[in-house]
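Below, each chain spelled out in residue letters.
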Amino acid sequence: MTEITDFVLDPSTRTLMVTFNNTETFNLSFEFLRVLSPNAPKGKPGAAPPLVTHKKQVELITIEAVGKHGYRLLFDDQHWAIYSLDLFKELAQNHDVLWQHYLDEIKNSGHSREAMIDITQVN
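What counts as what
- Residues numbered from 1 in each chain as written.
- Predicted model: local features only at pLDDT ≥ 70, side-chain atom pairs only at ≥ 80, totals over all residues.
- Heavy atoms only, no water.
- Pairing = 2+ DSSP bridges.
- Helix = DSSP H or I, 4+ residues; strand = E, 2+ residues; numbered from the N terminus.
- Axes fitted to C-alpha atoms, helices over the stretch in contact; angles between N-to-C directions.
- Buried < 20%, exposed > 50% of the residue type's maximum accessible area, 1.4 Å probe, protein only.
- Arc of directions from axis to C-beta.

### Topic: the sheet that holds strand S3 (residues 25–29)
Reasoning step 1: With antiparallel pairing, the three strands of this open sheet are ordered in space as S1-S2-S3. For this open sheet the edge positions go to strand S1 (4–10) and S3, each flanked by a neighbour on one side alone. Ignoring strand direction, the axes of neighbouring strands in this sheet form an average angle of 20 degrees.
Reasoning step 2: Note that strand S2 (residues 15–20) and S3 share five bridges and pair antiparallel. Pairing of Val18 across the sheet is with Phe26, part of S3.

### So, the pairing of strand S4 (residues 60–66)
Reasoning step 1: The sheet contact formed by S4 and strand S5 (residues 70–75) spans six bridges and is antiparallel. Bridge pairing in S5 places Glu64 opposite Arg72.
Reasoning step 2: Here S4 folds back onto S5, and the loop between the two strands holds three residues, one of which, Gly67, carries a positive phi near 55 degrees.

### Things to note about helix H2 (residues 85–93)
Reasoning step 1: Of the residues making up H2, those classed as buried are Leu85, Leu87, Phe88, Leu91 and Ala92. The arc that holds the buried residues of H2, viewed along the axis, is 160 degrees, so those residues lie on one side. Those residues of H2 that are exposed and aimed more than 90 degrees away from the buried face are Asp86 and Gln93.

This is the structure in structure tokens:
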């Protein structure tokens with residue numbers, strides 16, 4: 001049975017490295033994880049869910065184990081979701097196709113990945 005053995009957050013590249021017990025390792029961007037969240041906003045019944053936009057600068061704040069359910073990911077835009085092992089495997093194995101589909105949707109919608117306002121960190 002495949003399991004996750006390690007998470008490594010890299011804020012400098014905004015990526016999460018996920019390592020499975022079969023030694024496969026995948027780098028998933030915070031933006032990718034956020035826009036493909038299992039807690040995506042719900043649209044009208046029968047309609048496609050609304051497109052999640054403006055998340056290029058989103059940060060992944062924390063990861064918490066949630067028993068047998070998976071892992072809760074909390075983002076700096078106050079969004080959180082529980083990602084199951086199966087979802088992590090699907091996102092990792094189908095990353096390129098899912099990401100390109102998202103980029104195509106953004107382009108076709110006229111929306112942007114960029115933040116709606118400039119955010120500057122003050123030290």
